[in-house]
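Chain by chain, the residues:
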Amino acid sequence: MVEHSGGDEIWNSDDELEIDNYQSSPMSETSGGPAGVEHSGGDEIWNSDDELEIDNYQSSPVHSMSETSGGTAGTTSPDFIQKGISDEMFASFIEMGFSSEMIVRAIEETGGANSEPTLILETLFQFSTSDEPSSSKSKVINPLIGMGFTEENVLKAIQEYGDENIDELTNALLTYAEVEKMSETKDENINTHDDDNLYTLSSDDEGKLNYSNEDSILQDLIKMDYSREEAAKAIERCGKDVSVEEVVDFICAAQMARQFDEFFAEQDKKELITKSKKRRVYNEPPRRERKPNTATANDELIRLPNPMIGFGVPNEPGLMKHRPVPIPDVARGPPYFYYENVAMAPKGVWAKISSHLYDVMPEFVDSKYFCAAARKRGYVHNLPIHNRYQIQPPPHYTIQEAFPLTKRWWPTWDKRLKLNCLVTCIASAQLTNRLREKLERHDGEPPESVQKEVLASCRKWNLVWVGTNKLAPLEADEMEKLLGFPIDHTRGGGISRTDRFKSLGNSFQVDTVAYHLSVLKPLFPNGINVLSLFTGIGGGEVALHRLKIQMNVVVSVEISDVNRNILSDFWKQTNQTGILREFSDVTKLDNHTIERLMDEYGGFDLVIGGSPCNNLAGGNRISRVGLEGDHSSLFFEYCRILETVRRKSADMRRR
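Residues numbered from 1 in each chain as written. Predicted model: local features only at pLDDT ≥ 70, side-chain atom pairs only at ≥ 80, totals over all residues. Heavy atoms only, no water.

- In the annotation of an unreviewed UniProt entry, the entry for the protein chain reads DNA (cytosine-5-)-methyltransferase, and the organism field reads Camelina sativa.
- Per UniProt, the protein chain has the following entry under Subcellular location (unreviewed entry): "Nucleus". (UniProt positions renumbered as here; feature names shortened; annotations may be inferred.)

## As for the pattern of salt bridges
Move 1: Under the counting rule described, the total for this entry stands at 17 salt bridges.
Move 2: Notably, a salt bridge pairs Lys438 with Glu453, separated by 3.5 Å at the nearest N-O pair. Here Lys438, found in helix 14 (residues 429–440), pairs with Glu453, found in helix 15 (residues 448–461); they are 15 residues apart in sequence, far enough to count as distant.
Move 3: The exposure class of Lys438 is buried, given its relative accessible area of 12%.
Move 4: The salt bridge involving Arg581 is made with Glu600; its shortest N-O contact spans 3.5 Å. With Arg581 in strand 10 (residues 579–583) and Glu600 in helix 22 (residues 591–601), the pair connects residues that are 19 residues apart, well separated along the chain.
Move 5: Here Arg581 falls in the partly exposed class, since its relative accessible area comes to 26%.
Move 6: Judged by its relative accessible area of 46%, Glu600 is partly exposed. (Salt bridge = Lys/Arg side-chain N within 4 Å of Asp/Glu carboxyl O. Helix = DSSP H or I, 4+ residues; strand = E, 2+ residues; numbered from the N terminus. Buried < 20%, exposed > 50% of the residue type's maximum accessible area, 1.4 Å probe, protein only.)

## Things to note about the packing of aromatic side chains
Move 1: What the rule picks out here adds up to 10 aromatic pairs.
Move 2: When the ring of Tyr336 is compared with that of Phe524, the centres are 6.4 Å apart and the planes differ by 90°; the resulting orientation is edge-to-face. Of the two residues, Tyr336 sits in strand 3 (residues 336–342) while Phe524 sits in the loop between helix 19 (520–523) and strand 8 (528–533), which places them 188 residues apart along the sequence. Here Tyr336 and Phe524 have matching classes, each one buried.
Move 3: Both rings, one in Tyr338 and one in Tyr379, keep their centres 5.5 Å apart while their planes meet at 35°; by these two values the pair is tilted. Of the two residues, Tyr338 sits in strand 3 while Tyr379 sits in strand 5 (residues 376–381), which places them 41 residues apart along the sequence. In this structure, Tyr338 and Tyr379 share a single accessibility class: buried.
Move 4: The rings of Tyr339, Phe635, Phe636 and Tyr638 are connected pair by pair, giving a single aromatic cluster.
Move 5: It is Arg646 that lies over the ring of Tyr358; its NZ or CZ is 5.0 Å from the centre. (Phe/Tyr/Trp six-rings, centres within 6.5 Å; stacked < 30°, edge-to-face > 60°. Lys NZ or Arg CZ within 6 Å of the ring centre and 35° of its normal.)

This is the structure in structure tokens:
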């Protein structure tokens, strides 16, 4: 029942990597290749799946050239002078092992003085592969070594892929380089027969997967196609001792911050923060004068637990089944409240949320303990926690249990038992096709380097096996199943496939929420009145329905027309006998309207919802300003409305 507005942007691993200015390092007289070439330097990583475009190939001045290369230092071929080719470019091609005659022929065939350096280079590679058999391999090996690849890797790539396709060889060499870099920065002592596989959310103790080296985590994230900047910021936010899984989930949660157009707009950050603060001053309710709870007075005391089991989860006997800090008297229900948001928010955010919600300590829960997919969330509520129970039938806890047809195709080297956080974007068909092509090059089990590359994409995009060497992203109905919604909950009625993914990626995990709300059934045997804020696709309502708690009245506030239609259809299709009253804008639900609704329906027993996480998620590089952001500041609207409901409820009890 949450409107965490996700983004329209799709992370497409098929996007082409453009390097506008490729500048090689000064040439060594004895090495025969550029010194210090680093293929993963800067902010861009050369991905073997991507097409490398070099718009401007500029080599450094060459101070010496061997006579066997076809020239002497400081000498330029007259043919190149006539064709308008620079000394630097000529020297660069010579150092890469091409003869002057071959370079002249390449320029003539590519248009003379107007030739692009990239086109000349490609033509030279073609000439190299088409020369006589006795020298073809040397013609290929020398240029690749000149590009900075080791001779050992070049020979290995030629042995595996042949010497005819330069692009394929280059992609293989880039992959070897990345694998070697990862091997150098970490000690891979992971048992491949253990369920605790890298990035896999199959362990109850995620701390076992922590790395001691911050750089190794950064390299792992880069290997999974996250940008260096994004990975570094996520590690900085989560801490140096955090596990790879937690950083990956933090980045996945950040994708939910990308729905609104202004998220991508180039805007002045100072101006945005100034406007945000003004709005916050307007919206934020007055602080209650009381002694702060010592457990939340210090931001540092609110930390994400590991394992993230909240105040207890089913099927985990012996784990915590009580609140570490009692609910303050001022916060006791009824009416009850239930607030949700992403767990990995900026530092101090959860302390502030808690302080505005009567200093109630958050309950942090990962939904991997309730289903086959992770979903780390924080919940602030004043519900009892004893006598909780799980809705029936219980959910499936592993991927293979949830989707049994995948067992037939699931390779033994894919040890995943759980999926990562379900978000609003999915992998492209081009990506899954490239993965298939990579796998089909090998008979039987692919090499370890290919396995790592495929598994990295599987974990990033939640891919499942649907055939031999065939991977596919989850369909909307499969996401519905994992999140605990009825089949076809978001299907039809003019709702596009994109809208379905967006709405589901922003929703509650129903089994988790139902476990928390189950304590309400004995408290309200005759039904319950609900005020639902930021309703989304009705995760809270579905949870109450599956718990068989009668909903006498639901006043829903949801900005999205698509989501309101989904909830309305659910209400009709499940033959609800209660009243559904819908509003569109939480900011326009003023205190007078709330009091009038309470007089009309006899009050509210539960106020439930979760405000947008746009300014809390780590992927927001423009306006990740916490609760002061334009969207996440709607949290204060939740506080205002809750305060009005509780004040009005107290007045109604005194009558």
